[in-house]
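Results of the structural survey
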Amino acid sequence: MDTEEMVAELFDVFDVNGDGVISRGEFVALAESLLYQKGLNFSSDIFKQFDKNHDNKISREELIDMVIELAL
């Protein structure tokens, strides 16, 4: 499984309502799960950093970019 396939599966797990984007609330759960961090401030900072178009949502493409950047 390559990185994009892995991120696509991860995206589907955390897109709880199935609307095709990761909301701020869904992102908090994702960040806490992946990064073992607790606390909204930490998650909010990362959310702002990776919400490239500033629409308060993380798209599948933004999540792929985030995972690749954090992995390298």
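These numbers come from a predicted model, not from an experiment.

1. Brief notes about the overall build of the chain
- When you go through the chain residue by residue, the secondary structure sums to four helices and zero strands.
- In the chain, the succession of helices and strands from N to C terminus is α-α-α-α.
- Across the 72 residues that make up the chain, the buried fraction comes to 35%.
- Restricting to contacts in the chain with at least 6 residues of sequence separation, those with at least 24 account for 35%.
- As displayed, the chain has an accessible area near 4,600 Å², and 53% of this comes from carbon and sulfur atoms.

2. Let's talk about the packing of aromatic side chains
- Summed over all chains, the structure comprises one aromatic pair.
- Ring geometry for Phe27 against Phe47: centres 5.2 Å apart, planes inclined by 75°, an arrangement best described as edge-to-face. Of this pair, Phe27 sits in helix H2 (residues 24-35) while Phe47 is found in helix H3 (residues 40-50), placing the two residues 20 residues apart along the sequence. Assigned by exposure class, Phe27 and Phe47 land together as buried.

3. A short note on the nonpolar core
- Of all hydrophobic cores here, the largest spans 16 residues; its most connected members are Ile22, Phe27, Leu30, Ile58, Leu63 and Met66.
- Elements represented by at least two residues in this core include exactly helix H1 (3-14), H2, H3 and helix H4 (60-71).
- With sequence-adjacent residues up to four places away left out, Ile22 is seen in contact with Phe11, Phe14, Asp15, Phe27, Phe47, Lys57 and Ile58.

4. A few points about the pattern of salt bridges
- With the rule as written, the count across this model stands at one salt bridge.
- Close ionic contact of Arg60 with Asp12 constitutes a salt bridge, the shortest N to O distance being 3.0 Å. Within this pair, whereas Arg60 is found in helix H4, its partner Asp12 is found in helix H1, the two being separated by 48 residues in sequence.

Calculation rules
Along each chain, numbering runs from 1 in the same order as the chain's sequence is written. Where local features are concerned, this predicted model is filtered to residues with pLDDT of at least 70; where side-chain atom pairs are given and counted, the filter is 80 or more; whole-chain, interface and lining totals use all residues. Heavy atoms from the whole structure form the basis of all side-chain values; hydrogens and water molecules are not counted. Secondary structure is summarised from DSSP: a helix means a run of H or I of at least four residues, a strand means a run of E of at least two, and numbering begins at the N terminus for each. Burial classes: relative accessible area under 20% of the type maximum marks a residue as buried, over 50% as exposed, and values in between as partly exposed (1.4 Å probe, protein chains only). By definition in these notes, contact holds between two residues if any of their heavy atoms fall within 4.5 Å. Here the accessible surface of atoms and residues is derived via Shrake-Rupley with a 1.4 Å probe, and residues count as covered only by protein chains that are part of the display. Two rings from Phe, Tyr or Trp (for Trp, the six-membered ring) form a pair when their centres sit within 6.5 Å of each other. Planes less than 30 degrees apart are called stacked, planes more than 60 degrees apart edge-to-face, and all others tilted. Think of a nonpolar core as a cluster: buried Ala, Val, Leu, Ile, Met, Phe, Trp, Tyr and Cys residues, connected wherever their side-chain atoms sit within 4.5 Å. By convention in these notes, a salt bridge is any Lys or Arg side-chain nitrogen within 4 Å of a carboxyl oxygen on Asp or Glu.

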